[in-house]
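The lines below spell out each chain.
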Amino acid sequence: MPERQPTLDIVTPFWNEAASAEGFARLLLELETEVSRRFGFATRKILIDDGSVDDSAARFAEALGGEWEIVRLSRNFGKEVAVLAGLDRTRGDMVLIMDADLQHSLEVSLKLIGELVENPDVDVVYARTNREGASWKRSQSAKLFYSLINSSQRFDIPENAGDFRVMRGTVARALTKLRDKRRFNKGLYAWAGFRHKAVTYTPGQRISGTSKWSRLNLLAFSMEGFASFSVLPLRILSLSGLAVALAGGIYGLKVFLEVFFYGVAVPGYPSLLVAIVVLGGFNLALLGLIGEYVWVALSESKDRPVYIVRDIVSGAGEQKPDA
């Protein structure tokens, strides 16, 4: 009986990436050829259309070759959810997650796969972004974020690691069991455990358009991570509230002693206004933070599916190198 050929599933979420469809299809063809030649793997491509409003899906369907399928979601659910939709469709021995904007290169993809093939004790090989060219402010903000979110945890979320990674099929199947509605993939990868190895890389240039992640989106995403995986913000505000109460008690004792022993008049309007502003602002910040946690809990408690599939288009055939 002939030995079964191992398979590699490539999961790629995309949103409005029509301009990169042909270039990415060529990259996948080269990757498929090299994976077969170097490692003996058959390749299956799974693309997730995360509610694109352009003709991205049609462009990819025209350009792709080999065995592929495009899962079109009913609307834009976000990249984190689209990755889960792709993992739900996998059945291969290994699974590679990569973007369609050509920032994840052929060379790095092959290096990730090679590291996983050559290290049987490793379950996941992830790409860690090289931030040497980033601004000091951004790099320090990232370090602060990871140091805070990893404090008091039984697992660490690796710094500068994203979805670009290759994993064994058992890991992919385990990740599909995590059905969080408000998803923070960096945290879910770390929470699931397994043995990880990092490969540092420098992302390529986008061939068109701009990043979908604005500063406001990054801030909201960071809050999502804290609300899903860390209680530290609540503890910080709790300790801040304790400090404010202690400071208020000390100030009150000072006023009492001054009036009782020295007959100094009690400060009026200015001190009262400062107290109201400080305590009012603190309470509003605390209520807002609690609201973030409540919203996450409410989202998880609703019995809604994580995503809805509109339809699935699939095909198999030969792809010409110059297509």
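This text goes with the structure placed above it.
Attention in this report is confined to the structure presented alongside it. (Residues numbered from 1 in each chain as written. Predicted model: local features only at pLDDT ≥ 70, side-chain atom pairs only at ≥ 80, totals over all residues. Heavy atoms only, no water.)

Some remarks on a nonpolar patch on the surface
Move 1: Taken together, the side chains of Leu253, Leu257 and Phe261 define a hydrophobic patch exposed on the protein surface, amounting to about 310 Å² of accessible area.
Move 2: Positionally, Phe261 belongs in helix α9 (residues 232-262).
Move 3: Under the relative-accessibility criterion, Phe261 is labelled exposed at 58%. (Patch = residues over 30% accessible without salt bridge, like charges linked within 9 Å, V, L, I, M, F, W, Y side chains within 5 Å. Areas by Shrake-Rupley, 256 points an atom, 1.4 Å probe, with all protein chains shown as cover. Salt bridge = Lys/Arg side-chain N within 4 Å of Asp/Glu carboxyl O. Helix = DSSP H or I, 4+ residues; strand = E, 2+ residues; numbered from the N terminus. Buried < 20%, exposed > 50% of the residue type's maximum accessible area, 1.4 Å probe, protein only.)

A word on the packing of aromatic side chains
Move 1: One pass over the full model with this rule turns up 3 aromatic pairs.
Move 2: Residues Phe24 and Phe60 carry aromatic rings whose centres are separated by 6.2 Å and whose planes lie at 85 degrees to one another, so their mutual orientation is edge-to-face. Placement of the pair is Phe24 in helix α1 (residues 21-39) and Phe60 in helix α2 (residues 56-63), with a sequence separation of 36 residues. Of the two residues, Phe24 and Phe60, both sit in the buried class.
Move 3: An angle of 75 degrees between the planes, with centres 5.4 Å apart, marks the rings of Phe164 and Tyr201 as edge-to-face. In this pair, Phe164 is assigned in strand β6 (residues 161-168) and Tyr201 in strand β7 (residues 196-201), connecting sequence segments 37 residues apart.
Move 4: Clustering of aromatic rings is evident, with ring pairs tying together Phe14, Phe24 and Phe60.
Move 5: A cation over an aromatic ring shows up here: Arg75 above the ring of Phe77, its NZ or CZ 3.9 Å from the ring centre. (Phe/Tyr/Trp six-rings, centres within 6.5 Å; stacked < 30°, edge-to-face > 60°. Lys NZ or Arg CZ within 6 Å of the ring centre and 35° of its normal.)

Some words on the packing of α1 against helix α4 (residues 106-118)
Move 1: Contact geometry of α1 with α4 gives a least axis separation of 10 Å together with a crossing angle of 30 degrees. It follows that α1 is roughly parallel to α4 by the angle criterion. Here the hand of the crossing between α1 and α4 comes out right-handed. Here α1 contributes Leu27, Glu30, Leu31, Glu34, Val35, Arg38 and Phe39 to the contact with α4, which in turn contributes Leu106, Ser109, Leu110, Ile113, Gly114 and Val117. (Axes fitted to C-alpha atoms, helices over the stretch in contact; angles between N-to-C directions. Parallel < 35°, antiparallel > 145°, perpendicular 65-115°, else oblique. Left-handed = near helix turned anticlockwise from the far one by under 90°. Contact = heavy atoms within 4.5 Å.)

Side note on the nonpolar core
A general feature of soluble globular proteins is that nonpolar side chains tend to end up buried together.
Move 1: Ranked by size, the top nonpolar core spans 36 residues in total, and within it Leu8, Leu31, Phe60, Leu96, Met98, Leu112 and Val166 carry the most contacts.
Move 2: The element contributing the most residues to this core is α1, with 7 residues.
Move 3: With sequence-adjacent residues up to four places away left out, Leu96 is seen in contact with Leu8, Asp9, Ile10, Val11, Leu31, Ser109, Leu112, Ile113, Phe164, Arg165 and Val166.
Move 4: By size, the runner-up hydrophobic cluster in this structure holds 13 residues, among which are Val83, Val95, Leu175 and Leu178. (Core = buried A, V, L, I, M, F, W, Y, C linked by side-chain atoms within 4.5 Å.)

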